[in-house]
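Residue-level structural notes
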Amino acid sequence: MNLPDNFSVTYRGQRYRPVRARVEAKKDGSNLDVIDWETTCPDCGMKFTTFTTHNFNGPRKRCDLCKLPEKRAKPAATDC
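The shown structure was predicted, so the numbers you read here are calculated from the model rather than taken from an experiment. (Residues numbered from 1 in each chain as written. Predicted model: local features only at pLDDT ≥ 70, side-chain atom pairs only at ≥ 80, totals over all residues. Heavy atoms only, no water.)

1. Quick notes on the pairing of strand β2 (residues 14–25)
To keep it simple, the criterion reads: Strand pairing requires that DSSP identify at least two bridges connecting the strands. Going along the chain from the N terminus, every DSSP run of H or I of four or more residues is numbered as a helix, and every run of E of two or more is numbered as a strand.
Of the pairings in the sheet, the one linking strand β1 (residues 9–11) to β2 comprises three bridges and is antiparallel in character. Considered in β2, the bridge of valine 9 is made with tyrosine 16. Connecting β1 to the antiparallel partner β2 that follows it, the hairpin turn spans two residues, and arginine 12 within it adopts a positive phi of roughly 50 degrees. Summarising the sheet, β2 and strand β3 (residues 31–40) pair through eight bridges and their orientation is antiparallel. Among the inter-strand pairings, arginine 20 is bridged to a residue of β3, identified as aspartate 36. Linking two consecutive strands that pair antiparallel, namely β2 and β3, is a turn of five residues; a positive phi of about 95 degrees is found at glycine 29 within it.

Printed below as a string of structure tokens:
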């Protein structure tokens, strides 16, 4: 992965820093390129690693502890 040392992506207000690129085998035997990202959980402040494909669609926002169903974040209020 040829990215500058200070490269990061901000997605919906949360900053993600690439850690490494890797290849995962899919069930059908084909390969899938993924990127591991380091970010900080907005609930507890703990750093954790998540992954996405190269299109960076919908990365995780919360660490393993805070993503548990009993600790899910409240949905954003809407202006109806």
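2. A look at the side chain of threonine 52
To keep things clear, this is the line we draw: Burial classes: relative accessible area under 20% of the type maximum marks a residue as buried, over 50% as exposed, and values in between as partly exposed (1.4 Å probe, protein chains only). Here a polar contact means two N or O atoms within 3.5 Å. Within protein one must be a hydrogen donor candidate and the other an acceptor candidate, and residues neighboring in sequence count only if both atoms are side-chain atoms. Only heavy atoms matter for contacts: two residues are in contact if any of them lie within 4.5 Å across the pair.
Within the secondary structure, threonine 52 sits in strand β4 (residues 47–53). Take threonine 52: its relative accessible area is 5%, and that puts it in the buried class. Reaching out from threonine 52, the side chain makes a polar contact with the side chain of tryptophan 37 at a distance of 2.9 Å. Sequence-distant contacts of threonine 52, that is, excluding residues within four places in its chain, are made with Val34, Ile35, Trp37 and Pro59.

3. Details of the pairing of β3
A regular strand places its side chains on the two faces of the sheet in alternate fashion. Two strands pair when backbone bridges link them, and β3 and β4 are joined in this way by seven bridges, in the antiparallel orientation. In the sheet register, threonine 40 faces β4, and the bridge partner there is lysine 47. If you look at the hairpin formed by β3 and β4, you'll find six residues sitting between the two strands, and glycine 45 has a positive phi there, around 85 degrees.

4. With respect to the sheet that holds β1
Put simply, the rule is: Between the N-to-C directions of two axes lies an angle of 0 to 180 degrees, each axis being a line fitted to C-alpha atoms and, for a helix, fitted only over the stretch in contact.
Within the open sheet, the four strands sit side by side as β1-β2-β3-β4. Their pairing is antiparallel. Looking at strand neighbours, the two that pair on one side only are β1 and β4, the edges of this open sheet. Across this sheet, the average inter-strand angle for adjacent strands is 45 degrees, counted without regard to direction.

5. A short note on the side chain of glutamine 14
Looking at the element boundaries, glutamine 14 is found in strand β2. Look at glutamine 14 and you get buried, because its relative accessible area is 5%. In this view, glutamine 14 contacts Val9, Thr39, Thr40, Pro42, Phe48 and Lys61; residues no more than four positions away in its chain are not counted.

6. Concerning the packing of aromatic side chains
Selection criterion: Any two rings among Phe, Tyr and Trp, with Trp reduced to its six-membered ring, count as a pair given centres within 6.5 Å; such a pair is stacked if its planes are under 30 degrees apart, edge-to-face if over 60, and tilted if neither.
On inspection of all chains with the given rule, the structure shows three aromatic pairs. Between tyrosine 11 and phenylalanine 56, the ring centres sit 5.6 Å apart and the planes meet at 80 degrees, which makes this aromatic pair edge-to-face. Separated by 45 residues along the polypeptide, tyrosine 11 in strand β1 and phenylalanine 56 in the segment after β4 bring together distant segments of the chain. Measuring from ring centre to ring centre gives 4.8 Å for tryptophan 37 and phenylalanine 56, while their planes differ by 75 degrees; the resulting arrangement is edge-to-face. One end of the pair, tryptophan 37, is in strand β3; the other, phenylalanine 56, is in the segment after β4, with 19 residues separating them in the sequence.

Function cannot be inferred from these measures alone, as they are strictly geometric.
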